[in-house]
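# Close look at the chain arrangement
So the chains spell out like this:
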Amino acid sequence: MRKIWQKIKKYRYDLTAFLAGMIYTGAGMMMNDPTIGDYNDFLHKWGFNPFFGIQRWSEWSSRLIIESSVNVFARNLFIWGIFNLFFGGLLFWSLSRILGNRRVLQTSILLTLMLSINSYMMASAGIFATTINYLWPFAAFLFALTVTLKPFRNKKINIWANILAVPAMIFAVCSEQIAVLGLIIFAGIVIKNIIENKKVSKLALFFMIISAIGIMNVLIAPGNAVRTAKEIKNWWPEFKSIGLKQKVLNGIIVTFSRLFLSPEIPAVILVISLVFLAFQKINSKALASILPSAGILGLFFAPISTLSSYTSLATYFVEIRNIAHGMDSRNMGDIRFRFFILILAAIFTLSISLAIYFIYGKTKKTLYIVYVLTAGVVTAMMISFSPTLFGSSTRTLYFLVVILCAVDFVIIQDLIKDRFKLKIRK
């Protein structure tokens, strides 16, 4: 019993992080009925088929292993629930290890940030299908990234972690977005090693190759072409006539609107935390840089008076927000509205980037934060090339929003560290 207690004490931070992840996932499971959404199709429309993934790869989607998982777990929601809790714990444990989480306070902050994510995001296609398609691959990807960045000191544990990371990464890159994210992140690690004249991580290089194969899988899977044709017909008949440039612009407009006008709370927290950190450090350049973003957010969400007077009228910014909420494939707003949203997107991007630069200076921290945010945005933008830009709802932002939570955690941690002299183990 004493040895068990010593083990628990030794790994208490890891266990706390894993438990927090289970709480995060469990909260979503409690709030949403798993039998709603795509679940019924997998349970009733398609029976159990050990070759289901291959069939779907040929007829509908390149997510071969993911589709197989959905087919298998639809037979038993209890087992799905256990795996869901596990992947939630794995996601939190991986994030905590990457971020250097060694305190219960840090775990509490990360849990609060993750719980601020709109719960509808994990239930837009039904929580059953959405978690398997988004939460599970992301947790698997983060595990592979953790093993690469933070190897275990115990050689035996590290060997087993490396072995398990391989199937985890293969599963992860079945997601089109994760394949892109993986290529960006692991290529960045490899390039960093080369620039710093360090030995190139074989694991990072291997995972970069797996990510590239994942992207190739997306391009060659016959099911993707079939699905795209059907979804163009169902969601966006004019999609074929839209040029590449316009698709990218549409993606920027929709992504920005969902992040800041819906809004996603982690995106708002990013702006607010940068304001507080700039003020705390008495950094006038950073404060001047981030104030435009904070001011625009205030204009978007300023309360409208209930009095029958001029102040009860909606402002121009509120009108823009209302139009943005009503956007769909057949109603993207007029050209002036779209241009205004693009200007706002440019202001937010420049404002946040400059604030981060002025706060952290020419440091690796600045580079890492900007790089992962860029990787997240590029990953989210992949939906621009799909006719389901609106049909997929906000779940395609999940990877970016979790990255935002991680960046928020870093900034809030710096706020607490400066205020309470919290010592963080690097």
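Quick caveat, the model's predicted, so the values are computed rather than measured.

### Focus on the overall build of the protein
- A tally of regular secondary structure across the protein gives 19 helices and 0 strands.
- Expected size for 426 residues packed as a compact globule is a radius of gyration near 22 Å; at 22 Å, the protein falls within 12% of this value.
- With 426 residues in all, the protein has 49% of them scored as buried.
- Restricting the contact set of the protein to residue pairs at least 6 apart, pairs at least 24 apart contribute 78%.
- Split by element, the accessible area of the protein, about 21,400 Å² in all, is 69% carbon and sulfur.
- A distance of 16 Å separates the average location of the 44 positive side-chain charges in the protein from that of its 17 negative side-chain charges.

### Digging into the nonpolar core
- Leu 91, Met 114, Phe 138, Phe 141 and Tyr 398 are the most contacted members of the largest nonpolar core, which totals 123 residues.
- Not counting chain neighbours up to four residues away, the residues in contact with Met 114 comprise Tyr 24, Leu 91, Phe 92, Tyr 398, Val 402 and Cys 405.

### Remarks on the pattern of salt bridges
- Taken as a whole and judged by the stated rule, the model has 7 salt bridges.
- Between Glu 176 and Arg 63 there is a salt bridge, and its shortest N-O distance comes to 2.8 Å. In this pair, Glu 176 is assigned in helix H10 (residues 176–195) and Arg 63 in the loop between helix H4 (52–59) and helix H5 (64–73), connecting sequence segments 113 residues apart.
- Since its relative accessible area comes to 12%, Arg 63 is described here as buried.
- A salt bridge links Lys 192 to Glu 196; the nearest nitrogen and oxygen atoms lie 3.1 Å apart.
- By relative accessible area, which is 26% here, Glu 196 ends up partly exposed.
- Through salt bridges with shared partners, a single network forms among Lys 192, Glu 196, Lys 198 and Lys 364.

### Some remarks on H5
- Every buried residue of H5 is accounted for by Ile 66, Glu 67, Ser 69, Val 70, Asn 71 and Phe 73.
- Turning to H5, the residues buried within the fold contact helix H3 (39–45), H4, helix H6 (77–99), helix H8 (127–149) and helix H9 (155–172).

### Section: the side chain of Ser 175
- Note on placement: Ser 175 falls in the loop between H9 and H10.
- Ser 175 gets classed as buried once you look at its relative accessible area, which sits at 2%.
- Excluding residues within four positions of it along the chain, Ser 175 makes contact with Ile 66, Asn 133, Pro 137 and Phe 399.

### Quick notes on the packing of H9 against helix H11 (residues 202–220)
- Closest axis-to-axis distance for the H9/H11 pair is 10 Å, and the angle between their directions is 20°. Between H9 and H11, the angle falls in the class roughly parallel. Between H9 and H11 lies a crossing whose hand is right-handed. The residues of H11 that touch H9, namely those facing Asn 162, Ala 165, Val 166, Met 169 and Ile 170, are Leu 203, Phe 206, Phe 207, Ile 210 and Ser 211.
- When grouped by side-chain class, the residues that make up the contact of H9 with H11 number 8 nonpolar, 2 polar and no charged.

### Quick notes on a nonpolar patch on the surface
- A contiguous nonpolar surface patch, about 380 Å² in accessible area, is contributed by Phe 78, Ile 79, Ile 82 and Phe 83.
- Using a relative accessible area of 61% as the deciding quantity, one classes Phe 78 as exposed.

### Topic: the packing of helix H13 (residues 244–261) against helix H17 (residues 335–360)
- At a minimum axis separation of 9 Å, H13 and H17 run at an interaxial angle of 65°. The angle between the axes of H13 and H17 places the two elements in the roughly perpendicular class. In terms of crossing hand, the pair formed by H13 and H17 is left-handed. Note on element contacts: H17 touches H13 through Arg 338, Ile 341, Leu 342, Leu 344, Ala 345, Phe 348 and Ile 352, opposite Gln 246, Leu 249, Ile 252, Ile 253, Phe 256, Ser 257, Phe 260 and Leu 261.
- Its residues placed into classes, the contact of H13 with H17 shows 12 nonpolar, 2 polar and 1 charged.

### What about unusual backbone geometry?
- Despite not being glycine, Asn 197 has its phi angle at roughly 55°, a positive value.
- Within the element layout of this structure, Asn 197 appears in the loop between H10 and H11.
- Of note in the backbone geometry, Ile 282 takes a positive phi value of approximately 50° without being a glycine.
- Structurally, the position occupied by Ile 282 is in the loop between helix H14 (265–280) and helix H15 (284–301).

### Description of the side chain of Asn 193
- As for its position among the elements, Asn 193 is in helix H10.
- By relative accessible area, Asn 193 is classed as buried at 9%.
- For Asn 193, the contacting residues outside a window of four places in its chain are Lys 198, Lys 199, Val 200 and Ser 201.

Cut-offs and rules
Residues numbered from 1 in each chain as written. Predicted model: local features only at pLDDT ≥ 70, side-chain atom pairs only at ≥ 80, totals over all residues. Heavy atoms only, no water. Helix = DSSP H or I, 4+ residues; strand = E, 2+ residues; numbered from the N terminus. Rg over C-alpha atoms; globule rule 2.2 N^0.38 Å. Buried < 20%, exposed > 50% of the residue type's maximum accessible area, 1.4 Å probe, protein only. Contact = heavy atoms within 4.5 Å. Areas by Shrake-Rupley, 256 points an atom, 1.4 Å probe, with all protein chains shown as cover. Lys, Arg positive; Asp, Glu negative; His and termini not counted. Charge placed at Lys NZ, Arg CZ, Asp CG, Glu CD. Core = buried A, V, L, I, M, F, W, Y, C linked by side-chain atoms within 4.5 Å. Salt bridge = Lys/Arg side-chain N within 4 Å of Asp/Glu carboxyl O. Axes fitted to C-alpha atoms, helices over the stretch in contact; angles between N-to-C directions. Parallel < 35°, antiparallel > 145°, perpendicular 65-115°, else oblique. Left-handed = near helix turned anticlockwise from the far one by under 90°. Nonpolar A, V, L, I, M, F, W, Y, C, P; charged D, E, K, R; others polar. Patch = residues over 30% accessible without salt bridge, like charges linked within 9 Å, V, L, I, M, F, W, Y side chains within 5 Å.

Worth remembering: the numbers are spatial, not functional.
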